[in-house]
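Given next are the chains, with one letter for each unit.
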Amino acid sequence: MKHQREDHGVARRANALLLLDDGESCARIAKVLYLDDDTIRSWFKQYQNEGWEGVAYDGWKGGQSRMTAAQEIALRDWLEARFCRSTVEIRAYIAAEFGILYAHSGCIKLLARLGFEYRKPNALPKVADPVKQADFIAFYENLLNTLSADEAVYFADAVHPEYQSKPAFGWVRKGTNPALLTTSGRGRVNIHGALSLETFDAPFVEPITVDGTSAVQLLAKIEARNLDKRVIHVIWDNAPYHKGPHVRAFLSRKNCRIHLIQLPPYCPHLNPIERLWAVMHRHVTHNRHYKTQKQFAEAILKFFRETIPENWTGFRNQVTDNFRIISNQNFRVLR
């Protein structure tokens, strides 16, 4: 009843006038609407003199700020130079600097009027030099433009889905309280996989440990599935096991058809297989509970063995090489 929205106040005035028209007294209407009867009489007189347009115009404006324009500018500059987690610090600064005391609620209204909101910062991953990202994107585009029919391109990486329930956003009816059973295990499934965006071929191995041995097993599987290709370009990150002695020995073989290309450091966004991992989580782990770790592992492997081959056409618009350069220039990085 105390809400200050203008349309709410206008509706209450309309209610009062309609009740008067029905023959109710000002005292009775005031009791029903939690007002005083003098307010009802003033609305009725205004309606008689000015009509509905006069009653419907609220004209109420907030009170004048207790701070001057210069003080508000100084406060805004002070706030932008730091990250305050509570109004306590802000109110102390205003009191010390300008001699004005604000309550918690008043300070929140002041901050909102100055254009500030209460939110937490985004987690900003470390990224490579934008120049190196641009160089790789240009290199990759040139590779595709000059690729011959007897060449193929694969992106490769490892993923380690953990045996844990992962709640995810979804549409539910208001008032309901959806819940997801949690798991007690700490196990995980290791997948060392690759992906061709041209054919959506997704070979993978499931090692006990992702290391140089699993990397060689993956490269061998890629090579075996592309017997008609003269050169197979495999793009992956700079993990030590991707360039260790096992991999170097594999590449030194006579007639090896694998050509490795290293991504720039800290650039998972330039590897489309990361997007395939996201698709896998949406289909297998999000909002799903598995009673045992064995059931969880079987669901993960089923996605790679059956879901991808059967539904790859539906995944193509989610797993693309539409690369972009990421930098920190659009963020105010906290120090």
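Data block above holds the structure.
Just so it is clear, the model here is predicted, and its values are computed rather than measured.

The rules behind these values
- Residues numbered from 1 in each chain as written.
- Predicted model: local features only at pLDDT ≥ 70, side-chain atom pairs only at ≥ 80, totals over all residues.
- Heavy atoms only, no water.
- Helix = DSSP H or I, 4+ residues; strand = E, 2+ residues; numbered from the N terminus.
- Rg over C-alpha atoms; globule rule 2.2 N^0.38 Å.
- Buried < 20%, exposed > 50% of the residue type's maximum accessible area, 1.4 Å probe, protein only.
- Contact = heavy atoms within 4.5 Å.
- Areas by Shrake-Rupley, 256 points an atom, 1.4 Å probe, with all protein chains shown as cover.
- Lys, Arg positive; Asp, Glu negative; His and termini not counted.
- Charge placed at Lys NZ, Arg CZ, Asp CG, Glu CD.
- Core = buried A, V, L, I, M, F, W, Y, C linked by side-chain atoms within 4.5 Å.
- Patch = residues over 30% accessible without salt bridge, like charges linked within 9 Å, V, L, I, M, F, W, Y side chains within 5 Å.
- Salt bridge = Lys/Arg side-chain N within 4 Å of Asp/Glu carboxyl O.
- Axes fitted to C-alpha atoms, helices over the stretch in contact; angles between N-to-C directions.
- Parallel < 35°, antiparallel > 145°, perpendicular 65-115°, else oblique.
- Nonpolar A, V, L, I, M, F, W, Y, C, P; charged D, E, K, R; others polar.
- Expected span 1.5 Å × (residues − 1).
- Arc of directions from axis to C-beta.
- Polar contact = N/O pair within 3.5 Å; in protein donor to acceptor, adjacent residues only side chain to side chain.
- Phe/Tyr/Trp six-rings, centres within 6.5 Å; stacked < 30°, edge-to-face > 60°.
- Lys NZ or Arg CZ within 6 Å of the ring centre and 35° of its normal.

Draft legend 1. Up close: the overall build of the protein. Along its length, the protein carries eleven helices and five strands. Here the protein has a C-alpha radius of gyration of 32 Å; the compact-globule value for 335 residues is 20 Å, and the former is much larger. Each principal axis of the C-alpha atoms in the protein carries an extent, and together these give about 100 × 50 × 45 Å. The burial tally for the protein puts 37% of its 335 residues in the buried class. At a minimum sequence separation of 6, the contacts of the protein that also span at least 24 residues come to 69%. Within the structure as shown, the protein displays about 21500 Å² of accessible surface, and the carbon and sulfur contribution to it stands at 52%. Positive and negative charge centroids in the protein, built from 45 and 36 side chains respectively, lie 6 Å apart.

Draft legend 2. Local environment of the nonpolar core. Within the largest apolar cluster, 38 residues are counted, with the highest numbers of intra-cluster contacts made by L276, F303 and F304. Elements represented by at least two residues in this core include exactly α7 (130–145), β1 (151–159), β2 (191–195), α10 (273–284) and α11 (293–315). With eight residues, α11 is the largest single contributor of residues to this core. Excluding anything up to four places from it in sequence, F304 contacts I191, F204, W277, M280 and P309. If you look at the next biggest cluster of nonpolar residues, it comprises 17 residues, including A152, A194, V216 and V234.

Draft legend 3. Here's a closer look at a nonpolar patch on the surface. A surface patch of nonpolar side chains, amounting to about 280 Å² of accessible area, comprises F44, Y47 and W52. As for its position among the elements, Y47 is in helix α3 (residues 37–56). Exposure remark for Y47: the relative accessible area of 39% places this residue in the partly exposed category.

Draft legend 4. Highlighting the pattern of salt bridges. Scanning the entire structure with this criterion turns up eight salt bridges. Here D38 makes a salt bridge to R41, at a shortest N to O gap of 3.2 Å. In this pair, D38 and R41 both sit in helix α3, three residues apart, roughly one turn of the helix. Overall, D38 belongs to the exposed group, its relative accessible area being 51%. Linking E117 and R119 is a salt bridge whose minimum nitrogen-to-oxygen distance equals 3.4 Å. Overall, E117 belongs to the exposed group, its relative accessible area being 61%.

Draft legend 5. Layout of the packing of helix α5 (residues 87–98) against helix α6 (residues 104–113). Interaxial distance between α5 and α6 falls to 10 Å at its minimum, and their mutual angle equals 85 degrees. Overall, the two elements α5 and α6 adopt an arrangement that is roughly perpendicular. Mapping the contact onto sequence places T87, I90, R91 and I94 in α5 and H104, C107, I108, L110 and L111 in α6. Taken together, the residues that form the contact of α5 with α6 break down as six nonpolar, two polar and one charged.

Draft legend 6. Inspection of α7 at higher detail. Its 16 residues give α7 an end-to-end C-alpha distance of 23 Å, which sits within 8% of 22 Å, the value for a rise of 1.5 Å per residue. Of the residues making up α7, those classed as buried are Q133, F136, I137, Y140 and L143. The buried residues of α7 occupy one face: seen down the axis, they fall within an arc of 125 degrees. Tucked into the core, α7 has its buried residues touching β1, β4 (231–236) and β5 (258–262). You can read the cap of α7 off the contacts: a side-chain oxygen lies 2.9 Å from the backbone nitrogen of V131, and it is on D129.

Draft legend 7. Representation of the side chain of D157 within the structure. Note on placement: D157 falls in strand β1. Here D157 is buried and forms no salt bridge, its nearest opposite-charge partner R275 lying at an N-O distance of 12 Å. The residues touching D157, leaving out its near neighbours within four places in the chain, are I191, H192, G193, D237, H242, N271, I273, E274 and W277.

Draft legend 8. Representation of the side chain of S327. If you trace the backbone, S327 turns up in the segment after α11. Residues contacting S327, with those up to four places away along its chain left out, are V127 and P130.

Draft legend 9. Representation of the packing of aromatic side chains in the model. In the structure shown here, the tally under the stated rule is 14 aromatic pairs. For the ring pair W277 and F304, a centre distance of 5.9 Å and an interplane angle of 65 degrees mean the geometry is edge-to-face. In this pair, W277 sits in helix α10 while F304 sits in helix α11, placing the two residues 27 residues apart along the sequence. Accessibility assignment for this pair places W277 and F304 in one class, buried. An aromatic cluster of three or more residues is present, and its members are F204, W277, F303, F304 and F315. Positioned above the aromatic ring of F204, the side-chain terminus of K221 is 5.9 Å from the ring centre. Above the plane of the ring of F250 lies R253, whose end atom (NZ or CZ) is 3.9 Å from the centre.

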